[in-house]
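For reference, the chains in residue letters:
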Amino acid sequence: MEYEYSYRVKELDEYIDFVSKRYTFVKEQNETRTIYRNNGIIARITKIDDEMYLDFKEDKLENKDLIVRKESKQIKFDSLENCEDILEFLGYRKDNTLVRKRRIYEGENIKFEIDSYIEPEMSNVFSFEGLKETCDAVYEELAELNKKYKENN
């Protein structure tokens, strides 16, 4: 089960400053993610640099900062055609494609994913997931930054 806070922000600089002072930088990567939908479940094919991954997640879209939903582990694969063929066989239909730069930081019981979206539109998303108690405490710490930068969805 995924316990995640995720929201759009006007600027990322102060969020990155907050995270980089307290947590460990893991990596920065360029991603292209194609979303497929079927009966309340989304399949996601994500290309990270030259590698491709497939995962699944409950299709819950809510206008809240916090979302709790089931999510699978990633499966690495090497044939996009074969993967799309399997998704079509399972009844998934292609929805949209996202292009972004992602920065990842980690700490004890928490992972941050800081995204700069390029397509389908330019936007910034700040998100973090992990243990409920840890995430709730960090969300409280971010209250002032969120007042300043969080966009109303």
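Here goes a summary of the coordinates provided. (Residues numbered from 1 in each chain as written. Predicted model: local features only at pLDDT ≥ 70, side-chain atom pairs only at ≥ 80, totals over all residues. Heavy atoms only, no water.)

Once that is clear, we can look at the packing of aromatic side chains. Under the definition given, this model contains 13 aromatic pairs. Here Tyr7 and Phe126 contribute two aromatic rings whose centre-to-centre distance is 6.1 Å and whose plane-to-plane angle is 55°, an arrangement assigned as tilted. With Tyr7 in strand β1 (residues 2-9) and Phe126 in strand β9 (residues 123-130), the pair connects residues that are 119 residues apart, well separated along the chain. Per residue, the accessibility class of Tyr7 equals that of Phe126, and both read buried. With 5.3 Å between their ring centres and 70° between their planes, Phe25 and Tyr105 make a pair best called edge-to-face. Residue Phe25 is located in strand β2 (residues 24-38), and its partner Tyr105 is located in strand β7 (residues 93-107); the two are separated by 80 residues in the primary sequence. Taken together through their ring pairs, the aromatic side chains of Tyr3, Tyr5, Tyr7, Tyr15, Tyr23, Phe112, Phe126, Phe128, Tyr139 and Tyr149 make up a single cluster. Between Lys150 and the ring centre of Tyr7, over which it is positioned, the NZ or CZ distance is 6.0 Å. (Phe/Tyr/Trp six-rings, centres within 6.5 Å; stacked < 30°, edge-to-face > 60°. Helix = DSSP H or I, 4+ residues; strand = E, 2+ residues; numbered from the N terminus. Buried < 20%, exposed > 50% of the residue type's maximum accessible area, 1.4 Å probe, protein only. Lys NZ or Arg CZ within 6 Å of the ring centre and 35° of its normal.)

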